[in-house]
Amino acid sequence: MTVSSFLAEAQERGNDPDALDFTFGNPHEMALPGLVSAMQEQLEPRSVDWYAYKTSERSAQEVVASGLRSELGLDFEPADIAMTQGAFGAISLAFALLADVGDEVVIPVPGWFCYAPMLHAANLVPVGAPLAPVDFSLDVGEIARAITPRTRLVIVNSPANPTGRVYPKETWDALAEVLDEASRRHGRRIWLLSDEPYRRIRFDGIGFASPAGSYPWTLIDYSYGKVLLAPGQRLGYLAISPLLEPAERSALREACNPVQLAIGWGFPDALMQYSVPALESVSIDVAELTRKRDRMFDALHSAGYTLTKPEGTFYLWGRAPGGDAATFCRALAEQGVFVMPGTLFDQPAHWRISLTATMEMIERALPVLEAAEGMHRQTAR
């Protein structure tokens, strides 16, 4: 099954009030009031060009740069920010800015299932680098082994989808050494794209470090769709690390607008850009999300599942009973519980749950999930 067909099935279930759908990070409750009020505030035109063509609005760039300075402790400037149509738009922009046809791009495995198709569409070559097999930490050695003379870009994701891992600064420092050495060895700079759409969704007080603070040749992509739990309102950005050498930094800044135009007007709609100052302080309820994580994790762990406890994101990642996720997920679907098989992440023995479901959905699904593990134990005897 492809990602597109899986998404189509999930959309069909959207109108079924009895479906217990834990596949995608979609909302199952009404939109956050702060999101609605922010857009309502900007809906009424204030000038004749209110809905004219927009590139990156200066007010949005200023707010994003200020937020990044506060969060990451790096001296971002408004010109370092390209406003995009969500993280999809930011990632596409990064590919167009940095890579040429046939270049190789190293991606994490398991990792977001859209990296590879987006790379193929851009005529680039995805090369997988496995995460550590037990705890799914970033394996810098595997990334080093994946690099060849054709490597132009490495993608990292923290907090990571689907595993929920958050990587420390020590990991980024080690990766920076590997990328710098490989760049010198091959005579070609290897860039780093830090995919950070879940940066503001972390649990248990865990901190966050971006590789942009360890490796100057880093771009950051971000999406507001996760923290706002509104993936249908496309708003994000691509940010240039302020540690980058001034000439390269200036060249990238100047290239963003024409490249965004060339790839299909890759800017957010006017209304979303006007809303950025208000949206910076709007967030999904992380305390409630933590409660859902703990309820689901504790119950499934007690039932015998092998799970990775997420440090961030809103997903729960685990091993399917018997090691066959496709069969396991089909059996659950027959009982009205829908989860995502790890086959979409090149991990056929694993599965993923989205915790954006309501607590009522979680309580209804847990007996089915617990029974599935119990049935496997009985069959295995």
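Now for a description of the structure that goes with this document. (Residues numbered from 1 in each chain as written. Predicted model: local features only at pLDDT ≥ 70, side-chain atom pairs only at ≥ 80, totals over all residues. Heavy atoms only, no water.)

1. Observations regarding the nonpolar core
Then step 1. Core analysis: the largest hydrophobic core is formed by 61 residues, its most contacted members being Phe95, Leu175, Leu193 and Leu238.
Then step 2. Among the elements that take part in this core, helix α4 (residues 86-98) stands out by supplying 7 residues, more than any other.
Then step 3. Apart from the residues within four sequence positions on either side, Leu238 is in contact with Asp80, Ile81, Ala82, Thr84, Ala90, Leu93, Ala94, Leu97, Leu193, Leu219, Ile220 and Asp221.
Then step 4. In this structure, Leu300, Ala320, Leu332 and Ala357 belong to the second largest nonpolar core, which totals 36 residues. (Core = buried A, V, L, I, M, F, W, Y, C linked by side-chain atoms within 4.5 Å. Buried < 20%, exposed > 50% of the residue type's maximum accessible area, 1.4 Å probe, protein only. Helix = DSSP H or I, 4+ residues; strand = E, 2+ residues; numbered from the N terminus. Contact = heavy atoms within 4.5 Å.)

2. Notes on the sheet that holds strand β6 (residues 191-195)
Then step 1. Here 7 strands make up an open sheet; going across it, the order is β2-β8-β7-β6-β5-β3-β4 and the pairing mixed. Edge positions in the sheet fall to β2 (81-84) and β4 (125-130), since each has one partner strand and no second. Here the average twist between neighbouring strands, direction ignored, is 25°.
Then step 2. With 5 bridges connecting them, strand β5 (residues 151-157) and β6 associate as parallel partners. Bridging from a neighbouring strand, Leu153 pairs with Trp191 of β6.
Then step 3. The strands that helix α3 (residues 58-72) touches are β2, β7 (218-223) and β8 (236-240); relative to β2, the one it contacts most, it runs at about 115°. (Pairing = 2+ DSSP bridges. Axes fitted to C-alpha atoms, helices over the stretch in contact; angles between N-to-C directions.)

3. What to know about the environment of Pro341
Then step 1. Assignment of secondary structure puts Pro341 in strand β12 (residues 340-341).
Then step 2. Between the C-alpha atoms of Pro341 and Gly102, which are 239 residues apart in sequence, the distance is 30 Å.
Then step 3. Excluding its chain neighbours within four sequence positions, the residues that come into contact with Pro341 are Phe6, Ala325, Ala326, Cys329, His350 and Trp351.

4. Concerning the pattern of salt bridges
It is possible for side chains bearing opposite charge to pair when their charged atoms get close.
Then step 1. Under the definition given, this model contains 23 salt bridges.
Then step 2. Arg188 is paired through a salt bridge with Asp103; the nearest N and O atoms lie 2.9 Å apart. You can see Arg188 sitting in the loop between α7 (169-186) and β6 and its partner Asp103 sitting in the loop between α4 and β3 (104-109), a full 85 residues away along the chain.
Then step 3. Taking relative accessible area as the criterion, Asp103 reaches 7% and is therefore assigned buried.
Then step 4. Ionic pairing is found between Asp135 and Arg165, a salt bridge with its closest N-O pair at 3.8 Å. With Asp135 in the loop between β4 and α6 (140-146) and Arg165 in the loop between β5 and α7, the pair connects residues that are 30 residues apart, well separated along the chain.
Then step 5. Overall, Arg165 belongs to the buried group, its relative accessible area being 15%.
Then step 6. One salt-bridge network, held together by shared partners, links Glu71, Glu196, Arg199, Arg200 and Glu280. (Salt bridge = Lys/Arg side-chain N within 4 Å of Asp/Glu carboxyl O.)

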